[in-house]
Each structure stands twice: as C-alpha cells, then as structure tokens.
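# Overview (structure and organization)
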Amino acid sequence: MSRNKTATLKTITDTVLSYYPDAKIDLLTKAYHFADEAHRGQLRSSGDPYMIHPTEVALQLAELKLDLASIITGLLHDTVEDTGVTREQIEKDFGADVADLVDGVTKLSKITFRTSEEKQAENFRKMILAMAKDIRVILVKLADRLNNMRTLEHLPQHKRQAIAQETLDIYAPIANRLGISWIKIELEDLCLRHLHPDVYYKLAQKVAMKKAERERYIEEVGGILNEKLKEYELHGSVMGRAKHLYSIFKKMERRNVDFDQLYDILAFRIVVDNITECYKALGVIHATYKPVPGRFKDYIAMPKANNYQSLHTTVIGPYGERVEIQIRTQEMQQVAESGIAAHWRYKEGRFSSSAKDNVEWVQRLLEWHKELKDPNEFLDTVKIDLFAEDVFVFTPRGEVKQLPHGAGPLDFAYAVHTDVGHKCVGAKVNGKIVPLKHRLQSGDTIEVVTSPSQTPSKDWLKLVKSSRAKAKIRAFIKEQERNRAADLGEEMFEKGLRQYERTVKSLEKSGEMQKLIQRFSLQTSRDLYVALGYGRISMEAIITEIVPKEDLEKKQAEGRAEDESFMKRVFKAAQRRSEARNAITVANLDDILIRFARCCTPLPGDSIVGFITRGRGVTVHTAACSKAIDNDAERRVEVRWNAAISENKAVKRHVQIRVLSQDEPGLLAEMSTAISSCGVNIASAQIRTTKDKKAWALFDVEVNDISQLQKVQSALEKKRGVISVERVRS
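Residues numbered from 1 in each chain as written. Predicted model: local features only at pLDDT ≥ 70, side-chain atom pairs only at ≥ 80, totals over all residues. Heavy atoms only, no water.

### Regarding the pairing of strand β6 (residues 322-329)
In terms of burial, β6 is largely enclosed, as 7 of its 8 residues are buried. Sheet topology places strand β2 (residues 266-272) next to β6; 6 bridges connect them, and they run parallel. Looking at β6, one finds that I270 is bridged to I327. Two strands pair when backbone bridges link them, and strand β5 (residues 311-316) and β6 are joined in this way by 6 bridges, in the antiparallel orientation. For L311, the partnering residue across the bridge sits in β6 and is I327. Hairpin geometry of β5 and β6 is characterised by an intervening segment of 5 residues between the two adjacent antiparallel strands and by a positive phi of about 65 degrees at Y319. (Buried < 20%, exposed > 50% of the residue type's maximum accessible area, 1.4 Å probe, protein only. Helix = DSSP H or I, 4+ residues; strand = E, 2+ residues; numbered from the N terminus. Pairing = 2+ DSSP bridges.)

Written as structure tokens, this is what we have:
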C-alpha cells in the first residue's frame, strides 16, 4: 500500500490524522525522534540509513488505520533488539501498552537454546502467545516482514532464500489467516521471486506479453456484467484483474500444466449493496454464462475461519474462457482486503476491536501452547493449521464441524473428543461405512465408529490433516514410547546396580539417588530411567557417579578379559562410522555412531537435527522432515555440519530431483546437459509420459551440498518446457 508514498514523519502523521483526528501527534513525533536517535549511525544492508525501515513500517500500519500505540510500536520495534534501549525506557516514555507490543515483536536474542531450529521455534512461540494476548503484535510483525521482503535483494543468496522460505511457511499464511489479502499476495510474490527467480521472471514476462489482450477481455466482460446488473436493477461495481504470479505458479504445479494451458487466471469482483443483492447477482451471472459444476462456494452462509465472506463461482465466459467471479458487499470487501485490521474502529475518542473474539484460530493457539511443550512440534502444528482450507461437515445431530481440506474420519473424531479419536476404527458417512483413509466433503454427515481395544498408531499421522488430530496422536505415541523407555531404563539401572551390590532402595535411603538426579539436571527418578532408556545417559556415567574409584578398579581387574573383548567390538563399531562421523559434530556426545536418515537425505547446508536411537547411535534428519517432528523431543540432540565438510568435494551424496515438463523431443537430453553443466553426475534417470503430453523425470544425482543442488534446480527451471522442479523427500 505505502509503496506509492515516501515514508516520512509528515506522511505518517497526515495518514493518521485522516482517520484519527484526535491523535496525540506530539507523542508520535517523540517516538520518531527517539527511534532516529537510537538507530543513528546504523545502516541497512542496502547502505541506506536504518531509520528508513521503521518509518516504512509505521506508515504501513497507519495505512491499515491502526491505533497510535501500534504505529509508535512500528517506529520503535527494533530499538530493544538492535540498540541499547531497554523495555523499561520504552515503558517510561511511551507507556506499558507500547512496551508490551515492542516486547511482543522482539526476538529472544539473549536466551540460548539447544539448536538454532529450536531458537526459531521458541521465538515463534513467543510471538504467537503475544499475538493471542494482543492481535496488534502480529500486525506490526507483518508490516515489518513485508518491508524486509521488499528490500531482500541486498542480502546474500543463502540468507534471501532462508528468509523467503520462512516468510512463505509462516508469515504469508498468517496474513491469509487474518484476512489481510493484499499483504499475503505481495509476500507470496516476493517469496517466489527469491526462491524461484527463473520461474518468477519467466511468468512475469508471459503475463506482461498478454497484458493488452487481457485488458481488452476484462473490458468486454466487465461491460457485459455491468449491463446485466443494470437490466435487473442491481447497483454494483465490477472489477477485473489477473491473478497474482504465485497463485498462477501454484495452479501450474497443482494441475501439472504450463502457463499457456491455464484458462482461469482472470477473476472478476462484483460489489453490491447488501446480502440479498449478492444472491440476485449470482442468479444474473448464471443466467448469462454457463457455470462450471462443482466450482460454486458460498462463503457468505459459511464464512472462512478469518471471517472472509463472498460468493465464488466459475463460469464459461466469452470465447470459452473460464472466469472466476466473486460477489460480495462493500463491508465484506473491506474485511477481504484488510482482514482483522478492518475490525478496528475509532469511536468516541478511542480505538476498540472485537476482532480477537472473531478469529477462533487465535484462541486455539493458547490451547496448543498448553498441550505442546516441544517448541518444534508447536511450530509444526501451527504451520499445518495455517495452510488449511476448510470443509464443513455435520454430526448426526446437525452440529457443524470445521475441518481442513482433505480431512478424514479421524480428524472428525478428534474434533469431537480426544478419547473418541483414540478409539476410532471407522465411520459412517451419509449412512455408508467408510475406512479411515476416506476423505470428507463439505455437507457430509459423519457418525464415528469406535472400539474399546483401538489405540492410535504412527500410520495415523499419514491419514490426518488437522493440527489437533496430529498433536493428539503424537502425544499418545510419545507417551507410549516414554513409558517403554522408562521401563527399559529402570531394568538397566537395577541390573547395573546389582553388579556393584547396590539397590535402588539403598540409593534412596542414603540420599545418593536424589544427588544423582540433580547431577544430570533431572526432576524425578522416572526422568532418569527415561534418559537411560533413550540412551541420553549411559549406565557407565551413572556408575562413575555412585561407585567409589577403588571399587571400580577392583571390578575392572576382575573382568579384564571381558573388557578386552568389549573393546574389540567397540573398535569395529568405530570403523563403521567414518564418513558420517567426519561430516557431523554431536553436542556433548563423543565417539558415537551417526547415520543419515533415508527419509529426507540431509545435505551439507541443510538445517539438521539429531535423534538418539538405541543401538543405532544418532540419526540425522533435516529440520523440516516430518518424521523428525514425530520423534520424541527428549531424544533430540544438537548436531551440526563440520566446517570443512562442504570443502571436501570428494564426498558425494545422492539426492533425487523430480521434474515435470512438456513431452517434447530432445527435452530429456537438454535436462541431462543442464545437470552435467553444474558439475553433477547423474547416477540414474527414470522418465514416464502421460496422456496429456506431459513427462515426469526422476533424476538420482550426486551432489556435494545444498548449494550445488540449488544450482541444478535453477538450471533445470530455465529450460523451455519445464513446469516444475522439486527435491524428492519420502
């Protein structure tokens, strides 16, 4: 929005006064000069004065018509994190309200976490909780991220891609959830530009080439729609536009087609006076153009979770073009554009908002915070919910349940109650028995079938779509695994003690048990058994703590022959871990087996996380791997790539790339040449064609690290006829 204005103190104050005439401009001016002084001498990556950034953020918030505290927060949001300013100073000069908002968007930079991924997840948890307390926090954060994305080109490529991916995973979906469509659209397009630059510029060029033709079509169809509305005495405005680039890119991926085969990249919006006229306009459109079956959605009767309301229909327009048409009132239009910000109202000298009460999703965050102690699992749960498109289904009593697109009987069962989900064996959908893998459709009536002997399994995680169901299943499985680890650990503990003529009771009586628990920074004896069962603590380390040195030496002398045999086994095990051990460093654990997970094939440069697996040492996953999220956080250990590993070009790692393209002569040879030109060997290649003249190619390539893989993907994306390129993760 503010891209057409130069952000200055004057433009901010003018914008604020346009909708808030009683604003204390002197306080806003004070905040501007306070931030200017705090950031004096600091530069952005572009070389511009740092103060440009908070000024742009504040203007963005003013154009969202937020209250003065939010706009002042926009000016001050980086002062605590990046300068010597304290929260106490902010509160003293600008009040507790502003101080709380600034604190909500300040990263946890002074706290140390076990892994960088956990730090990111914990930062996100803090932001979400602050957001649940005060929705303005996320509005400031979105304005901050949007301005950073607009100036991302000044950062190194690896940082650009990391920030763009985080924005696509978290901030664009949050903007969508909060209904601020224009921020969501701009963020998505900017992410595409930095994550897939070749695809972005290729699409931009193709869209630009058809601009004149598109404008003529919009003018023609818009004219027809206006005439039809007048004919039926409906007063409304008609607007036409092309869909944004990221939306077009996702359509191409979803339908496996090239740009030239997309026929519904145009959308029209009709804004009328009231709800009755919305449905009248829908009748007029369907009488004028043939509707496409299955493409009508009534978001007025059943609004989206972010309060979005509109009628959506797709029709066959002139010349056989598919055209999407949205019909809504002026109030619905305001909510569709500004979302939650549209609920802020200046009335009787103050701002108030009922938006927080209207967004059920924000309230669910607090429930997840209480249930999910692992920050990574919390982040993953929120991500799932952010991307969810909703279906509406009914209980046998007619109650409506809102579930994500693709949800099945298990999702519905867990939405009813956790115990119903745990015992679910199937369901009756519209009176017919269906299996757990069945996918629900809007309008279905579901009756859950349960069995007292049923319990959740890991396979259920592949069937469910809702974040609630995933969280409940994971919690059950982890508790079962924890119980097994505790039983195993207790058995190992008792056996180990017997060798030195000790018992658990004797340790508890002497107080040594409590000292042992404290020594390993645990809370209870069960925690000790769990850590021992998982392999986080060795029995040797425990024995060293509780058995005197002379007793240990005596026992070692008695069993020297067994020890020598044991050492031979240890030596052979050490020989088997050379490559992985040289590549990975494990925090606080030396001389341990390391293996790479086959599900996600980590490459040097990937964010990684390790999990202790009894009998198999540490298994290394990529941080984004779904199987890593499913593992118990108590088994997680910090792992990192050794600094020299990327420089060792002799070590090659296999990874698979899937390419969708047009089925054209010579294209496979061109793709193979593109891969080879990056200095990458193709270990194997498989290709299959489809009836609609498409080709799927699966390349198994040998690369040094993630940067070389990205180079290969970029080279393939540039090829004519290539639709999409993706790294395969099982």
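After presenting the structure, the write-up continues.
### Some remarks on the pairing of strand β22 (residues 694-703)
Extensive coverage of β22 is indicated by the burial of 8 of its 10 residues. Looking at chain direction, strand β20 (residues 653-662) and β22 are connected through 10 bridges and run antiparallel. Across the sheet, the residue bridging to H654 is E702, located in β22. Two successive antiparallel strands, strand β21 (residues 681-689) and β22, enclose a turn made up of 4 residues, where K693 displays a positive phi of approximately 65 degrees.

### Some words on the sheet that holds strand β15 (residues 594-596)
Strand order in this open sheet of 4 strands is β15-β17-β16-β18, and the pairing throughout is mixed. The open sheet has two edge strands, β15 and β18 (636-637), and neither has a second partner. Where strand β16 (residues 608-613) meets strand β17 (residues 617-622), 6 bridges bridge the pair, whose relative direction is antiparallel. Among the inter-strand pairings, I608 is bridged to a residue of β17, identified as T622.

### Topic: the sheet that holds strand β12 (residues 432-434)
Taken together, the 3 strands give an open sheet; going across it, the order is β12-β11-β13, and neighbouring strands pair in antiparallel fashion. Each end of this open sheet is capped by a strand with a single partner; those strands are β12 and β13 (446-450). In this sheet, adjacent strand axes meet at a mean angle of 30 degrees when their direction is disregarded. The pairing of strand β11 (residues 424-429) with β13 spans 5 bridges and is antiparallel. Following the sheet pairing, A427 is matched in β13 by V448. (Axes fitted to C-alpha atoms, helices over the stretch in contact; angles between N-to-C directions.)

### Details of the packing of helix α4 (residues 68-76) against helix α7 (residues 96-105)
Interaxial distance between α4 and α7 falls to 9 Å at its minimum, and their mutual angle equals 50 degrees. By the angle between their directions, the pair α4 and α7 is classed as oblique. The hand of the α4/α7 crossing is right-handed. Where α4 approaches α7, its residues A69, S70, I72, T73 and L76 are matched on the opposing element by D97, V98, L101 and V102. (Parallel < 35°, antiparallel > 145°, perpendicular 65-115°, else oblique. Left-handed = near helix turned anticlockwise from the far one by under 90°. Contact = heavy atoms within 4.5 Å.)

### Some details on the side chain of E324
By the element assignment, E324 lies in strand β6. Within the structure, the side chain of E324 is placed 3.0 Å from the side chain of Q326, a separation counted as a polar contact. Residue contacts for E324: discarding those within four places in its chain leaves K243, L266, A267, F268, H312, T313 and T314. (Polar contact = N/O pair within 3.5 Å; in protein donor to acceptor, adjacent residues only side chain to side chain.)

### A few points about the side chain of H39
If you trace the backbone, H39 turns up in the loop between α2 (25-38) and α3 (52-63). Under the relative-accessibility criterion, H39 is labelled buried at 3%. Of the polar contacts made by the side chain of H39, one reaches the side chain of Q42; its length is 2.8 Å. Beyond its immediate chain neighbours, meaning those up to four positions away, H39 contacts Y50, M51, P54, D78, T79 and T83.

### Focus on the environment of R87
Relative to the helices and strands, R87 is located in helix α6 (residues 87-94). Each C-alpha atom of the pair R87 and D103 lies 7.1 Å from the other, and the pair is 16 residues apart in sequence. Each residue touching R87, except ones within four places of it in the same chain, is listed here: V80, A96, A99, D100 and D103. Within polar-contact distance, the side chain of R87 engages the side chain of E91 at 2.9 Å.

### Here's the deal with the pattern of salt bridges
Inspection of every chain in the model, using the stated rule, returns 21 salt bridges. Two residues, R40 and D36, come together in a salt bridge whose shortest N-O distance is 3.3 Å. Judged by its relative accessible area of 55%, R40 falls in the exposed class. Looking at D36, the relative accessible area reads 23%, which means it is partly exposed. The salt bridge partner of D67 is R136, with a shortest N-O separation of 2.6 Å. Here the residue D67 occupies a position in the loop between α3 and α4, and R136 occupies one in helix α9 (residues 136-150), the gap between them amounting to 69 residues. Each of the two residues, D67 as well as R136, counts as buried. Linked by salt bridges that have partners in common, D36, E37 and R40 make up one network. (Salt bridge = Lys/Arg side-chain N within 4 Å of Asp/Glu carboxyl O.)

### Thoughts on the environment of S714
Note on placement: S714 falls in helix α32 (residues 706-717). Judged by relative accessible area, which is 23%, S714 ranks as partly exposed. Once the C-alpha coordinates of S714 and L195 are considered, the two residues, 519 residues apart in sequence, prove to be 9.7 Å apart.

### Some points on the packing of helix α12 (residues 197-209) against helix α14 (residues 245-255)
Here α12 crosses α14 at 105 degrees, and the two axes come no closer than 10 Å. With respect to their mutual orientation, α12 and α14 come out roughly perpendicular. Two secondary-structure elements touch here, α12 through V199, Y200, L203, A204 and V207 and α14 through L245, I248, F249 and M252. In terms of residue class, the contact of α12 with α14 is made up of 9 nonpolar, no polar and no charged. (Nonpolar A, V, L, I, M, F, W, Y, C, P; charged D, E, K, R; others polar.)

### Let's talk about unusual backbone geometry
For E233, which is not glycine, the phi torsion reads 55 degrees and is therefore positive. With respect to the helices and strands, E233 occurs in the loop between α13 (211-231) and β1 (236-242).

### A look at the nonpolar core
Membership of the largest hydrophobic core comes to 75 residues, with the highest contact counts inside it found for V16, I71, L76 and L203. No other element matches α9, which puts 8 residues into this core. Ignoring anything within four residues of it in the chain, the contact list for V16 reads A23, L28, A62, L68 and I71. Within the second largest apolar cluster, 24 residues are counted, among which are Y217, V221, L225 and I270. (Core = buried A, V, L, I, M, F, W, Y, C linked by side-chain atoms within 4.5 Å.)

### Examining α12
Over its 13 residues, α12 extends 18 Å from the first C-alpha to the last, a length consistent with the 18 Å expected when each residue adds 1.5 Å. All of the buried residues in α12 are D198, V199, Y200, L203 and V207. At its buried positions, α12 is contacted by α11 (181-195), α13, α14 and α32. (Expected span 1.5 Å × (residues − 1).)

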